[in-house]
Amino acid sequence: MNHKFMGVVRLALLITSLGIGMVFLTATKAQKSTGSAQLLRGEGSFNDWSKERPGNRYLIKASDLPVPNATESAANQSKVVPRPADAWPKVPEGFKIDQAATGLEGPRTIVAAPNGDLFVAESNAGRIRVIRGFASDGKVENNSVFAGGLTMPYGIAFYPPGPSPQYVYIGIRIPSSVFRTRMVT
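Conventions we followed
Residues numbered from 1 in each chain as written. Predicted model: local features only at pLDDT ≥ 70, side-chain atom pairs only at ≥ 80, totals over all residues. Heavy atoms only, no water. Pairing = 2+ DSSP bridges. Helix = DSSP H or I, 4+ residues; strand = E, 2+ residues; numbered from the N terminus. Axes fitted to C-alpha atoms, helices over the stretch in contact; angles between N-to-C directions. Salt bridge = Lys/Arg side-chain N within 4 Å of Asp/Glu carboxyl O. Buried < 20%, exposed > 50% of the residue type's maximum accessible area, 1.4 Å probe, protein only.

1. Describing the sheet that holds strand β5 (residues 127–134)
Thought 1: The four strands are arranged β3-β4-β5-β6 in an open sheet whose pairing can be described as antiparallel. The two strands at the open ends of the sheet, each matched to only one other strand, are β3 (107–112) and β6 (140–147). The average undirected angle you get between the axes of adjacent strands in this sheet is 25 degrees.
Thought 2: Pairing analysis gives five bridges linking β3 to strand β4 (residues 118–122), with the strands arranged antiparallel. From the neighbouring strand, Ile 110 faces β4, where its bridge partner is Val 120.

Written as structure tokens, this is what we have:
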């Protein structure tokens, strides 16, 4: 009985080995076929859509990239369009919408503080405005400047995170004069 059992085990191991070999050979052949993923290298390998395949990998070196300022920058600035008098956001039945603040200069970011205050980055005016509290009629109770004299403020964060932050961080644009370089001889 033991001899017969060992024969069955050997046969099972042989069939398993053959199965694994077939899977390996099939996978290898699939990887080498023209329609499967490949490693793309060199200049232009990352901008030719006809070579895109699921699983493609890219080897891009600094020498493959275009030189800085190889092309002119495009200037396509956005512009504010006056709002038509009858344009107003639609809200569900039972809700009301009202305009909370007007006269903002280049508002870029609005961040809600944990206590409900709204901090608005007015990039063009170089200031951060804080809007506090809303009366029962929906009007703002306090709209004041929190920080001024900033260079294009845009980002606002509170630290530490959570219900009681102690600090307000403001991201600003650093003037290019800070990055001036000089030749050392």
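2. Remarks on the pattern of salt bridges
It is possible for side chains of opposite charge to pair when their charged atoms get near one another.
Thought 1: Considering all chains together, one arrives at four salt bridges under this definition.
Thought 2: Between Asp 117 and Arg 132 there is a salt bridge, with its nearest N and O atoms 2.8 Å apart. Within this pair, whereas Asp 117 is found in the loop between β3 and β4, its partner Arg 132 is found in strand β5, the two being separated by 15 residues in sequence.
Thought 3: Looking at Asp 117, the relative accessible area reads 9%, which means it is buried.
Thought 4: One salt-bridge network, held together by shared partners, links Glu 105, Glu 122, Arg 127 and Arg 129.

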